[in-house]
Amino acid sequence: MKHIVANLVTAALAEHPELASAAADLAIETTVERTRDASHGDFASNIAMRLAKAARRNPRDIAGDIVAAVGSNEQIEKVEIAGPGFINFYLSPSAFHAELRAVLDQGQAYGRQARKDAPKILLEFVSANPTGPLHVGHGRLAAYGATVGNLLEAAGYPVHREYYVNDAGRQMDILGASVWLRWLEASGIEIPFPEAGYRGDYIQDIAAEIDVSGLELPKQGDVLDGLPVQETKEDAEPYVDALIAKAKSLHGDDGFEQVRQQSLESIRAGIEDDLAKFGVTFDKWYSEQSLTTSGRIDDALAVLEERGMLYKKDGATWFPAMKFGDEKDRVVVRENGIRTYFASDIAYHFDKRERGFDHLIDILGADHHGYTARVRAGLEAMGYKGDDLEVELVQFVSLFRDGSKIPMTTRGGQFVTLRQLCAEVGNDAARFYYVMRSNDQHLDFDLDVATSQSNDNPVFYIQYAHARITRVFRKAVELDLPLDKKNGLANLGQLLTPQEKSLMSAMSRYPEIIELAARNRAPQTLVHYLRDLVADFHSSYNADKVLGDDAGLRDARLTLYAAVKIVVANGLAILGVSAPEEM
RNA sequence: GCGCCCGUAGCUCAGUUGGAUAGAGCACCAGAUUCCUAAUUUGGGGGCCACAGGUUCGAAUCCUGUCGGGCGCGCCA
């Protein structure tokens, strides 16, 4: 709807070339805003004030010229100049009626923009290491990423969703060793479990389910033979490394690989399952191991080499990240010949661009903010723009129950899993609460509120509006007063109460909200909007009876509610929250 | 020490990228249903937008500094 006013302003400016040229580098869309206050009309433009300096004229005079040039228009009721030079636009009822009709005509497509060809966006999110089940912190990454993906798609962008599986490196060896030890343990062979190993119960489960055919059960003495002791904290890392080496020597690299691969695949599949149940799916699960087998790391390193972006020092190969604004240079190949995680990381982002994605969005936990500079540096060194990579950081989550914080440590395996959370509060509440706050705001997730079936709970508040409208339509049929849509559309002029006007206005904002929320990667904008929209609905519902005797008014109100229902359902769908017919 | 994020009502948080008198929920106080779902609604009190400067027609928003909180700063992943 905003474009109506923006177009009028553009047209008016065209009649004043000196103003138009001053405004040339201004996006008129951004000078037109919804008003905060109904007494200022429906839309306001601050363009006169923005142009005042360049045009060397009084803003109110400029506004006067623009208003005169706007003239009269059937979609505009009146235009006023207010305050220091605001131009306030009051839209005519017919403009709102036309928008209401658009909602009904477009249905699920309302608020969605036509598909654009570019930029092609690669959205990477969650990407938790496959060393254990997802916890509530990952849940926020999942909910946020999925919703941002939905918003971007609604805004018309092609979005490819990807999960980067860190299935290479030492952590995977530690995982394999942990499972291996639990297998031995279950077979009666007791070996001191490493402090640095994975201690969660799920490790035992994996040990019990994996295929160990072809692996010969070792003797306890052979395992213990030559193993260092684990007494102090400093012993932890050498001890676990010795265990990995021992497993490899007893079963061969292939034998250990058998345990390791099954372990990580079991966990990865569990993660995929948890996410799918949470309504979060990916187009691709991108394996870090595959970067090595496909030669992509070699390719990326070769590109850097060619461009003179590598140097040797202390036996290692370095990337001069400082040249590109990073704090320090980074090692890509260690002294021992093994590539660093950073090498895979730049190779992965290189590959993303090489696959034809124009804009890369990484959604990361707030503790990863240090990576942005170095990965951007890598992209730049390989000939791409650092700005091609956008990083959205998501702050941490604290769970509260009975008013106090639930302690969580990832190391000790003391954490609430995403699965447990969903079981307790349900998917709808979880998805909603995760994106209710700005991603750069620390999130306090109150389990008591999320589970309460009361007016404290904003999820139910919004869902209830949807159910309530559904109910009214059912009731209308029961009373033999079904909606006559044609009659409703013909009588929209009867929607005159302040509540109805406010509701129509709020509804017409929806496409602008989607656009804004997508641009800012800000799902909370949509959450707050839906709450406001639904508040207007409840208010209207409470003030005036719908199923009255006047058929024209009744059908008009039902028509309005039908449209509101569509908008609420569309908004909830983007959030990944269900729109129930009944509650 | 350096870097990133945050600081707005008693609590939890929005604030349309610089706009008009700073908003919402919860909590607190007082009302509304012979009627479509009261999981609803109407009204009220409550603020040095952490603090101090600066930029300009205009600042919660941008810049600088200070204070306070969170998180990073490996040839770990």
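Residues numbered from 1 in each chain as written. Chains lettered and ligands numbered in written order. Predicted model: local features only at pLDDT ≥ 70, side-chain atom pairs only at ≥ 80, totals over all residues. Heavy atoms only, no water.

**Overview of the packing of aromatic side chains**
Piece 1. Per the counting criterion, the structure on display carries 19 aromatic pairs.
Piece 2. Seen in terms of ring centroids, Tyr 163 and Trp 285 are 4.3 Å apart; in terms of plane orientation they differ by 20°. Their pairing is stacked. Here Tyr 163, found in strand E6 (residues 159-165), pairs with Trp 285, found in strand E7 (residues 284-287); they are 122 residues apart in sequence, far enough to count as distant.
Piece 3. Three or more aromatic residues joined by ring pairs form one cluster here, namely Phe 278, Phe 432, Tyr 433, Tyr 434 and Phe 445.
Piece 4. The aromatic ring of Trp 285 is capped on one face by Arg 268, whose charged end is 4.9 Å from the ring centroid.
Piece 5. Sitting over the ring of Phe 278, Arg 431 keeps its end group 5.5 Å from the ring centre. (Phe/Tyr/Trp six-rings, centres within 6.5 Å; stacked < 30°, edge-to-face > 60°. Helix = DSSP H or I, 4+ residues; strand = E, 2+ residues; numbered from the N terminus. Lys NZ or Arg CZ within 6 Å of the ring centre and 35° of its normal.)

**Remarks on the nonpolar core**
Piece 1. If you look at the biggest cluster of nonpolar residues, it comprises 156 residues, and the most contacted ones within it are Phe 89, Tyr 163, Leu 275, Tyr 434, Phe 445 and Leu 526.
Piece 2. Among the nonpolar cores identified, the runner-up in size contains 23 residues, and Val 303, Leu 310, Tyr 348 and Ala 377 belong to it. (Core = buried A, V, L, I, M, F, W, Y, C linked by side-chain atoms within 4.5 Å. Buried < 20%, exposed > 50% of the residue type's maximum accessible area, 1.4 Å probe, protein only.)

**Observations concerning the sheet that holds strand E5 (residues 121-124)**
Piece 1. The strand order across the open sheet built from five strands is E7-E6-E5-E11-E12, with neighbouring strands paired in parallel fashion. The open sheet has two edge strands, E7 and strand E12 (389-394), and neither has a second partner. The sheet shows a mean angle of 25° between the axes of neighbouring strands, direction not considered.
Piece 2. Sitting on the sheet, helix H7 (residues 136-154) is in contact with E5, E6, strand E11 (359-365) and E12, with an inclination near 160° to E6. (Pairing = 2+ DSSP bridges. Axes fitted to C-alpha atoms, helices over the stretch in contact; angles between N-to-C directions. Contact = heavy atoms within 4.5 Å.)

**A look at the pattern of salt bridges**
Piece 1. If you walk through the whole model with that rule in mind, you get 32 salt bridges.
Piece 2. Between Asp 362 and Lys 352 there is a salt bridge whose closest N-O contact spans 3.0 Å. A residue pair is termed long-range when its members are at least 10 positions apart, and Asp 362 in strand E11 and Lys 352 in helix H14 (residues 341-354) qualify at ten residues. Residues Asp 362 and Lys 352 agree in their burial class; the two are buried.
Piece 3. The partner of Glu 478 in a salt bridge is Lys 475, and the shortest N-O contact between them spans 3.9 Å. Of the two residues, Glu 478 and Lys 475 both sit in helix H19 (residues 458-478), three residues apart, roughly one turn of that helix.
Piece 4. Taking relative accessible area as the criterion, Lys 475 reaches 37% and is therefore assigned partly exposed.
Piece 5. Residues participating in the shared-partner salt-bridge network are Glu 162, Arg 296, Asp 299, Asp 351 and Arg 355. (Salt bridge = Lys/Arg side-chain N within 4 Å of Asp/Glu carboxyl O.)

**Topic: helix H22 (residues 510-519)**
Piece 1. Considered for burial, the residues of H22 that qualify are Tyr 510, Glu 512, Ile 513, Ile 514, Ala 517 and Ala 518.
Piece 2. Following H22 by one or two positions, Arg 521 has its phi on the positive side, about 50°.

**Topic: the sheet that holds strand E9 (residues 316-319)**
Piece 1. Strand order in the open sheet made by the three strands is E8-E9-E10, with antiparallel pairing throughout. Because the sheet does not close on itself, it has two edges, and the strands there are strand E8 (311-313) and strand E10 (330-333). Within this sheet the neighbouring strands show an average axis-to-axis angle of 50°, counted without direction.
Piece 2. Sheet analysis places E8 next to E9, joined by three bridges and oriented antiparallel. Along E9, the bridge assignment pairs Tyr 311 with Trp 318.

**A short note on the packing of helix H21 (residues 498-508) against helix H24 (residues 551-575)**
Piece 1. Across the interface, H21 lies against H24 with an axial gap of 11 Å and an inter-helix angle of 35°. In this structure, H21 crosses over H24, and the sense of that crossing is left-handed. Here H21 contributes Glu 500, Leu 503, Met 504 and Met 507 to the contact with H24, which in turn contributes Arg 557, Leu 560, Tyr 561, Ala 563, Val 564 and Val 567.
Piece 2. Considering only residue class, the contact of H21 with H24 consists of eight nonpolar, no polar and two charged. (Left-handed = near helix turned anticlockwise from the far one by under 90°. Nonpolar A, V, L, I, M, F, W, Y, C, P; charged D, E, K, R; others polar.)

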